[in-house]
Amino acid sequence: MQINPFDFERPIAELDQILVELSRPEKRREAEEQGIDLEAEIQRVEQEKQRLMRHLFAHLSPWEKTQMARYPQRPYSLDYIRQVFDDFMEMSGDRLFGNDEAVVGGPALLEKKPVMVIGQQKGRDLKERQRRNFGSAYPEGFRKALRLMKMAEKFNRPIITLVDTPAAEAGLGAEERGISEAIARNLREMPMLAVPIVTAVIGEGGSGGALGIAVGDRVLMFEHATYSVIPPEGCAAILWRDRNRAAEAAGALKLTAQHAHCFGLVDEVLIEPLGGAHRDPMAASATLKKALTHHLDQLREIPVPELLEQRYQKFRQMGRWTERTETVEPE
Amino acid sequence: MQINPFDFERPIAELDQILVELSRPEKRREAEEQGIDLEAEIQRVEQEKQRLMRHLFAHLSPWEKTQMARYPQRPYSLDYIRQVFDDFMEMSGDRLFGNDEAVVGGPALLEKKPVMVIGQQKGRDLKERQRRNFGSAYPEGFRKALRLMKMAEKFNRPIITLVDTPAAEAGLGAEERGISEAIARNLREMPMLAVPIVTAVIGEGGSGGALGIAVGDRVLMFEHATYSVIPPEGCAAILWRDRNRAAEAAGALKLTAQHAHCFGLVDEVLIEPLGGAHRDPMAASATLKKALTHHLDQLREIPVPELLEQRYQKFRQMGRWTERTETVEPE
Amino acid sequence: MRSGWLKRKKAEIQTPTETPSDLWSTCAKCHEVVFERDFQRNLKVCPRCGHHHRLTAEERLEITVDENSFTEINGNLAATDPLEFPDYAAKLEASYRATGKYDGMITGSAQIEGIPVAVGVADFSFMGGSMGSVSGEKIVRLMEFAEQQSLPVILFTASGGARMHEGLFSLMQMAKTSAAVARLDRSRIPYLVVLTDPTTAGVLASYASLGDVILAEAGAVVGFAGRRVGNQELGARLPANFQTSEFQLEHGMIDRIVQRKELRPTLAYLLRFFGAEVEEMEDADQSI
Amino acid sequence: MRSGWLKRKKAEIQTPTETPSDLWSTCAKCHEVVFERDFQRNLKVCPRCGHHHRLTAEERLEITVDENSFTEINGNLAATDPLEFPDYAAKLEASYRATGKYDGMITGSAQIEGIPVAVGVADFSFMGGSMGSVSGEKIVRLMEFAEQQSLPVILFTASGGARMHEGLFSLMQMAKTSAAVARLDRSRIPYLVVLTDPTTAGVLASYASLGDVILAEAGAVVGFAGRRVGNQELGARLPANFQTSEFQLEHGMIDRIVQRKELRPTLAYLLRFFGAEVEEMEDADQSI
Ligand SMILES: [Zn+2]
Ligand SMILES: [Zn+2]
């Protein structure tokens, strides 16, 4: 896969370029003539590259993470579904209005055990992107997801949701068909579903659109994924009336997996292959598979009433507040 | 209210005309001059009219009943709701797509007891008829009805449904939004609602559109209402490729309240004021109120599991079949 | 029905009498002329245009359930004429003679890839698959049987709607069958529906729309009111695929459109997935 | 909040200081100049165009609940600055001083026409009614209190959305409050929502859309994304009433649009109707 480097990746790209140079036959001839140990040189540059990458990707800024999370060659839900699960059979429709292709879902096997998997799906090329509305679900997408979750509950199959959306669709059609109602209903129903739910934020966790399928017993998040109440551009526009200050806003919003984990809002950060999931989708899938299996195995052991109580309390305790003793009087 | 007579009412209209004649001042003068006992004459004609009406309306053909059921001045759901219930508060919307005005519903009091009342509503003038789609509900109408029924169940309030529809809407929009699904879902949900349900067919019981809100513990039917699997015109068109033979089809379909009662498909026939509900809506309302109260009082006494078992068995036993012992071989 | 049609049918397919009309079939849609043997091998799907031709209940069972696994129940239920509806009794008799069965809805127990199921198949050739008291009763009995035995239910639908010759009795079959689905639902018995050509009106507006999963054969007519009704009302505004499987998929009403040859493995997979007993599943082959 | 504002507020209304700006109000919509006294008597609804002006939480409680029946709970919860978000701490301090309260969501117990309720009122004047951790926590505590006490819950919503200054914490309030609604729902506690101007974004996409009955004040802005966002995207195609109570009614999302003066009797009627204890109800007067 051809990877187009981000700005912050330029030093890596430069080393890659040097490595290409060093591998050229003329270079080899030249080195032999001059008695230079080319292999050692290559090895040195490789090591330097590894060191640089480890450093770079361990210290990405929130805005760089945002770019990683949105990276167009990043694995999407269906890529993970193909790698992680067997025998996925896609189910369509909300039984009310339509079939929203920004959400995919259906029965599948995870390590031979039946599960219901549901994911938000962006498109790879322009045509697919339009068909899937860039991963922004309409009300029918959330309602399809809920239908499948209820189906899973009915037959006692655990639910896995994969989050990857810039935001819920917010245009006229979505408003007409009740995008708010659809998200709200999922938020009310998911806490009561009597089967384990594991959610993984694999790319963009875009506010209510993400949360609408993310009320899980466990919420996992890939290392370079983001999860935010508002896109940094929108935040910058509101705060400073300047969408170009998005990088600053991303920092202020602390939208990274590491922050979410520190805040106790996300249970586990899934380490990506060095340089990001898109550089080695198979490895990223293996990580996801291991984590999903691990958490599901744990959750299956919990009796349902306790599971629901834990799920409630998990979200119940989210938030930070204090108690003030003094009275405040208006000026 | 000005009543436009049907063909079969012409003899009554003629007697009405005579009565008008007899009441004219000139007639009175004339009678006094000629020593005729006008009062006795009027009384005689009145009695004749009553006798004729009793005879006529007791022997209406199925097609005449169809005309009565569709009569544009017949009381509609909201007329009965106003007369039978107190403090009706209309609720709107299916929380999914729209608010279908072919269905009205909301909390109300019946003899001071809280109930949920839901009715199919035709329009009185052209504008209202269009707004209410002539009483033909879209999917959103059935979904609104179900939402209100679930609300009633949640708060343990009995449900009363009033049926009056030519049919469910069947155009492109209805098909797109799942008219079949909407009716089917109601048919699956109503048998499980853990509160008493009383249904009254007040006018036209138009096939699936009627049944979609009519799975009641008691199904009542006004004397001149109809309830049919297909409109007689449609039946005639299919059977004889001639919509004009609708009267014949109405007879074949046995779509009257009396037949439905004989077949055990309807629990009680509500006697209408002489000449039809539209001649005395107050009296018809009083009849309905008494019947609804009576049946609800009975149903409230039944424990819920038994109520649901009885409701299931009621519909379970509908149908007529036989067992054949001989084997049939294809020719 | 009650006399070994499965074998008889198979024999017919394997050794057609060698007359021209037996040797060749013509596609009802594209009019391609196909070798009858190829047509049968392709499960009556046109090899050229993919049109799925209607199957009889026997043919459907043959290509769906494990060999010799089907046992019919309630096959001797037959209609009465409660309305004394014009010509109904005669039509029934003619249908009996033409089809060799007493009703278009054939129900029973069977196995699919070894999984026991309760199965019902509607035969459109029996009075247009119309739902009267017998169809309704047989469906309800099948569902009650399935609930007692904890068997998943599969229904293949095909219907022009309610059987008007039975008037309000036939309308009530919508309520009756849907109430039975409600009980299956409560008992968490898997209920799979396969919509086949054509599934319309009262059947679509009751049990056919209530499957946990709803599959549809490609190109099947699936709609509430007859397409002619729609056409008359709305004219040119109607989309080309109005009231087909594809239209219903687009509008969120069905889960998947399935090619006929994929139907058996698809059903088997879903049965395994939903099966209450199943805890571990083997990966199926890639045919799904 | 904690110091008798109800009485103070009333005193203000009854004896306005007689300066021109106190004597007159100008309608924010039609710009009609109205006697302040008439404006107050008309519950801040413009007598000319019917525009429902925003109310503070105190004003809302005053016109809704029985006199002196309101007892606030959790009024001392205040925000922290978990993200150390630019200027958030300063904004909070300014809001405390401007409004005399620690959060825009005021919750407590009260009575309406003698019926005990748990009630929450959002005050848009406190940081645009944005939902942060404190609003979420207060709503959940109110609902848990209501569940324990078997009190119906009434929420008056008004919000620009989530409070971005609290980042993901504020997003999670949507899940947290909706989970609390789920528990009310399970316990069959009536939950009534009144959407007031404006109710948008994260609040509309959580507890505001989950009432057993959803009422809305006439003309209120009610929508998911800000209207400006919509406008930019779609231009002239938007209907005139886009993202108003009226638009939402038309699209099936709310039960009734209520004039402000009808709100109290409407709520009282619904409370009586849903009230678990009620077996017989007296007819209300015809004002409903
Ligand atoms: Zn063909
Ligand atoms: Zn004004």
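Conventions we followed
Residues numbered from 1 in each chain as written. Chains lettered and ligands numbered in written order. Predicted model: local features only at pLDDT ≥ 70, side-chain atom pairs only at ≥ 80, totals over all residues. Heavy atoms only, no water. Helix = DSSP H or I, 4+ residues; strand = E, 2+ residues; numbered from the N terminus. Contact = heavy atoms within 4.5 Å. Areas by Shrake-Rupley, 256 points an atom, 1.4 Å probe, with all protein chains shown as cover. Lys, Arg positive; Asp, Glu negative; His and termini not counted. Charge placed at Lys NZ, Arg CZ, Asp CG, Glu CD. Polar contact = N/O pair within 3.5 Å; in protein donor to acceptor, adjacent residues only side chain to side chain. Donors = N, O, S within 2.8 Å, 3.2 Å for Na, K, Ca; no water. Buried < 20%, exposed > 50% of the residue type's maximum accessible area, 1.4 Å probe, protein only. Pairing = 2+ DSSP bridges. Salt bridge = Lys/Arg side-chain N within 4 Å of Asp/Glu carboxyl O. Domains from an automatic or database assignment. Buried area = accessible area lost by both parts, 1.4 Å probe. Nonpolar A, V, L, I, M, F, W, Y, C, P; charged D, E, K, R; others polar.

Peer 1: How should the overall build of chain A be read in this particular structure?
Peer 2: In terms of helices and strands, chain A carries 15 helices and eight strands. In terms of overall dimensions, chain A has a C-alpha envelope of 75 × 65 × 40 Å along the principal axes. For chain A, contacts bridging at least 24 residues in sequence account for 73% of all contacts bridging at least 6. As displayed, chain A offers around 13100 Å² of accessible surface, 49% of which is attributable to carbon and sulfur atoms. In chain A, 45 positive and 51 negative side-chain charges are present, and the distance between their average locations comes to 4 Å.

Peer 1: How do you make sense of the environment of D:Ser69 when you look at a structure like this?
Peer 2: Residues and elements named next belong to chain D. Mapped onto the elements, Ser 69 comes out in the loop between helix H4 (57-64) and strand E3 (71-72). Considering only alpha carbons, one finds Ser 69 and Gly 108, 39 residues apart in sequence, at a separation of 9.9 Å. Engagement of the side chain of Ser 69 in a polar contact is seen with the backbone nitrogen of Gln 111, the distance being 3.0 Å.

Peer 1: Sorry, what's going on with the coordination of the zinc ion (ligand 2) here?
Peer 2: All names here are of chain D. At this site the zinc ion (ligand 2) is bound by Cys 27 (SG), Cys 30 (SG), Cys 46 (SG) and Cys 49 (SG), with donor distances of 2.2 to 2.3 Å. One chain supplies every donor to the zinc ion (ligand 2), and in sequence these donors are spaced C-x2-C-x15-C-x2-C. Taken together, the positions of Cys 27 in the loop between strand E1 (24-26) and strand E2 (33-35) and Cys 49 in the loop between helix H3 (36-41) and H4 put the pair 22 residues apart, joining distant regions of the chain. Here Cys 27 falls in the buried class, since its relative accessible area comes to 2%. Take Cys 49: its relative accessible area is 35%, and that puts it in the partly exposed class.

Peer 1: Looking at this model, I keep getting lost on the side chain of A:Arg132. Mind explaining?
Peer 2: Residue and element names in this part refer to chain A. Looking at where Arg 132 falls in the secondary structure, it is placed in the loop between helix H6 (126-131) and helix H7 (139-154). Separated by 2.7 Å, the side chains of Arg 132 and Glu 128 make a polar contact. Ignoring sequence-local partners within four residues, the contact set of Arg 132 consists of Leu 78, Glu 101, Ala 102, Val 104, Gln 121, Lys 122 and Gly 123.

Peer 1: So what exactly am I meant to see when it comes to the pairing of strand E5 (residues 218-222) of chain B here?
Peer 2: Across a regular strand the side chains alternate sides, sitting on one face of the sheet and then on the other. Residues and elements named next belong to chain B. The buried fraction of E5 is high, at five of five residues. Two strands pair when backbone bridges link them, and strand E4 (residues 197-206) and E5 are joined in this way by four bridges, in the parallel orientation. Looking across to E5, one finds that Val 198 is bridged to Arg 218. Summarising the sheet, E5 and strand E7 (residues 268-270) pair through three bridges and their orientation is parallel. From the neighbouring strand, Leu 220 faces E7, where its bridge partner is Glu 268.

Peer 1: Help me understand the pattern of salt bridges, please; the structure alone is not making it clear to me.
Peer 2: Pairing between side chains of opposite charge can happen when the charged atoms of each approach one another. If you walk through the whole model with that rule in mind, you get 96 salt bridges over all chains. Note that B:Glu9 and B:Arg279 form a salt bridge whose closest N and O atoms lie 2.5 Å from each other. Of the two residues, B:Glu9 sits in the segment before helix H1 (10-23) while B:Arg279 sits in the loop between E7 and helix H14 (281-300), which places them 270 residues apart along the sequence. Residue B:Glu9 is classed as buried on the basis of its relative accessible area of 1%. Because the salt bridges share partners, they merge into one network encompassing A:Arg316, A:Glu323, D:Glu137, D:Arg141, D:Glu144 and D:Lys176.

Peer 1: Help me out: how do you make sense of the domain arrangement of chain A in this one?
Peer 2: Many authors give the size of an interface as the accessible area that is lost as the parts come together. Residue and element names in this part refer to chain A. By the assigned domains, chain A splits into domain 1 (7-59) and domain 2 (66-319). Between domain 1 and domain 2, the C-alpha centre-to-centre distance is 39 Å. Every contact between the two is made by six residues of domain 1 and, on the other side, seven residues of domain 2. With both sides pooled, the region where domain 1 packs onto domain 2 buries about 610 Å², and carbon together with sulfur makes up 67% of that total. Of all residues in domain 1, Phe 8, Met 53 and Phe 57 bury the most surface against domain 2, accounting for 66% of the area lost on that side. For the pair domain 1 and domain 2, the number of links is one salt bridge. One can count one residue pair in polar contact (both at pLDDT 80 or more) joining domain 1 with domain 2. Grouping the constituent residues of the side of domain 1 that touches domain 2 by class yields three nonpolar, one polar and two charged.

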